[in-house]
Amino acid sequence: MTKVLFVVTAADRWTLNDGTVHPSGYWAEELAVPHRIFTEAGWDITVATPGGKAPTLDQLSLGISGGMPWKRRDVKNYLDSIADVLSHPASLNSVDSDEYDLVFYPGGHGPMEDLAYDKTSGELLTHRLASGKPLALLCHAPAAVLAATNPDGTSAFAGYRMTGLSNREELLNRFAKKAPWLLEDKLKEVGAEYSKGLILLRPHVVVDRNLYTGQNPQSSEKLATQLVDVVVGAAKGSATG
């Protein structure tokens, strides 16, 4: 059976540059939609967080920012259906990424608070990228690559084409002007070849070798379905090879 490791932020806040705290966590659609697509594909999913702490849902993601009412309702219902799984995640330092066919990071502002600085996550990302096995990060989750460094201090992701929430999309949030940093800027600083879609808040997926990234919540379905095609295709290839 195909095995997926979901690495989810454990942060429940985003600390802004004036010292104020914005309640945060993971973004509902970015976890629910890929999790559902992978589950429907028959895959086995392990959810892991730093310290094994139950992840916090960013309540804004179930409000108007989460899309049409029917979509928010479907997402909430799905999250309710996996509430027990989310309440009892594995600790990130206890999992071996080599045991998984896919490693997937959903976003939300939470990764800007914890995964961007998490050594365990950084080492996992560095190892996974070098392994050649599929690795995917969605929306704000590419913030986690800031902790993925080579022994000489350079980024493991330097020279990789990737995307993540753009500055223009981030600045649609009223509190973003107080952000200590913006994701697009940081990805460029570490040497990633950042790209974004031509239209705000539309699906945009970038693939470079074994790295798959989605720009925004609207990219959740496109990224997940593309990953299913890739992993299933690879499995069929190895079975006939």
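Residues numbered from 1 in each chain as written. Predicted model: local features only at pLDDT ≥ 70, side-chain atom pairs only at ≥ 80, totals over all residues. Heavy atoms only, no water.

An unreviewed UniProt entry annotates the chain as Putative intracellular protease/amidase of Rhodococcus koreensis.

A.B. asks: Just checking my understanding: could you explain the overall build of the chain for this structure?
C.D. replies: In terms of regular secondary structure, the chain is built from eight helices and 11 strands. Reported as C-alpha extents along the three principal axes, the dimensions of the chain are approximately 55 × 45 × 35 Å. Burial analysis of the chain (241 residues in total) assigns 53% to the buried set. Expressed as a percentage of contacts within the chain between residues at least 6 apart in sequence, the contacts between residues at least 24 apart total 77%. Of the accessible surface of the chain, which amounts to about 10700 Å², a share of 52% is contributed by carbon and sulfur atoms. Seen as two clouds, the 23 positive and the 28 negative side-chain charges of the chain have centres 6 Å apart. (Helix = DSSP H or I, 4+ residues; strand = E, 2+ residues; numbered from the N terminus. Buried < 20%, exposed > 50% of the residue type's maximum accessible area, 1.4 Å probe, protein only. Contact = heavy atoms within 4.5 Å. Areas by Shrake-Rupley, 256 points an atom, 1.4 Å probe, with all protein chains shown as cover. Lys, Arg positive; Asp, Glu negative; His and termini not counted. Charge placed at Lys NZ, Arg CZ, Asp CG, Glu CD.)

A.B. asks: I would appreciate a short explanation of the UniProt feature "domain: DJ-1/PfpI" (unreviewed entry) in the chain in the present structure.
C.D. replies: The positions that UniProt labels "domain: DJ-1/PfpI" (unreviewed entry) are, in the present scheme, residues 29-228. Taken end to end, residues 29-228 is 34% helix and 14% strand, and its two terminal C-alpha atoms sit 17 Å from one another. (UniProt positions renumbered as here; feature names shortened; annotations may be inferred.)

A.B. asks: Looking at this structure, I do not really get helix H1 (residues 28-40). What am I missing?
C.D. replies: Since the α-helix turns once every 3.6 residues, residues separated by three or four places project in the same direction. Counted at 1.5 Å a residue, the expected span for H1 with its 13 residues is 18 Å, and the 18 Å between its end C-alpha atoms agrees. Of all 13 residues making up H1, 10 are buried, and the element is well covered by its neighbours. Three or more residues of H1 are buried, namely Ala28, Glu29, Glu30, Leu31, Ala32, Val33, Pro34, His35, Ile37 and Phe38. Gly42 occupies a position one or two residues after H1 and carries a positive phi of about 85 degrees. (Expected span 1.5 Å × (residues − 1).)

A.B. asks: Explanation requested: the pattern of salt bridges in the structure shown.
C.D. replies: This model, assessed by the stated rule, comprises nine salt bridges. For Asp18, the salt bridge is made with Lys178, and the minimal N-O distance between the two is 3.4 Å. One end of the pair, Asp18, is in the loop between strand E2 (13-15) and strand E3 (21-23); the other, Lys178, is in the loop between helix H6 (167-170) and helix H7 (183-189), and 160 residues separate them in sequence. What makes Lys178 partly exposed here is its relative accessible area of 34%. The shortest N-O distance in the salt bridge between Asp208 and Arg209 comes to 2.8 Å. Of the residues examined, Arg209 reaches a relative accessible area of 52% and is grouped as exposed. Salt bridges here are not isolated pairs; linked through shared partners, they connect Glu184, Lys188 and Lys196. (Salt bridge = Lys/Arg side-chain N within 4 Å of Asp/Glu carboxyl O.)

A.B. asks: Is there a simple way to explain the sheet that holds strand E1 (residues 3-7) in this structure?
C.D. replies: In a beta sheet, neighbouring strands pair by backbone hydrogen bonds and run either parallel or antiparallel. Spatial ordering of the open sheet is given by E5-E4-E1-E6-E7-E11-E10, a layout of seven strands whose pairing is mixed. Two strands in the sheet have a free side with no partner beyond their single neighbour: strand E5 (90-91) and strand E10 (205-208). Pairing of strand E6 (residues 102-105) with strand E7 (residues 135-138), which is carried by three bridges, proceeds in the parallel orientation. Note on E7: the bridge partner recorded for Phe104 is Ala136. Against the sheet, H1 makes contact with E1, strand E4 (44-49), E6 and E7, and its axis sits at roughly 175 degrees relative to E1, the strand it touches most. Sheet contacts for helix H5 (residues 119-131): E1, E6, E7 and strand E11 (211-214); angle to E6, the most-contacted strand, approximately 135 degrees. (Pairing = 2+ DSSP bridges. Axes fitted to C-alpha atoms, helices over the stretch in contact; angles between N-to-C directions.)

A.B. asks: Could you clarify how one ought to interpret the pairing of E4 in this entry?
C.D. replies: Side-chain direction in a regular strand flips from residue to residue, so the side chains alternate between the two faces of the sheet. Counting buried positions along E4 yields five of six residues, so the element is predominantly enclosed. As judged from the five bridges shared by E1 and E4, these two strands associate in the parallel manner. Within the sheet, the bridge partner assigned to Leu5 lies in E4 and is Thr46. Taken together, the two bridges between E4 and E5 define a ladder with parallel strand orientation. Within E5, the residue paired with Ala48 across the bridge is Ala90.

A.B. asks: What exactly am I supposed to notice about the pairing of E10 here?
C.D. replies: Bridging between E10 and E11 involves four bridges; their strand directions are antiparallel. Looking at E11, one finds that Val207 is bridged to Tyr212. Between E10 and E11, which follow one another and run antiparallel, lie two residues, and Arg209 among them has a positive phi close to 55 degrees.

A.B. asks: Is there a simple way to explain unusual backbone geometry in this structure?
C.D. replies: Trans peptide bonds make up most of the peptide bonds, and negative phi angles are found at most residues other than glycine. Here Cys139, not a glycine, exhibits a phi torsion of approximately 60 degrees, which is positive. You can see Cys139 is positioned in the loop between E7 and strand E8 (161-162). Classification of Cys139 by relative accessible area gives buried; the value is 2%. In the Ramachandran plot, Arg209 falls in the positive-phi region, its phi being about 55 degrees despite a non-glycine side chain.

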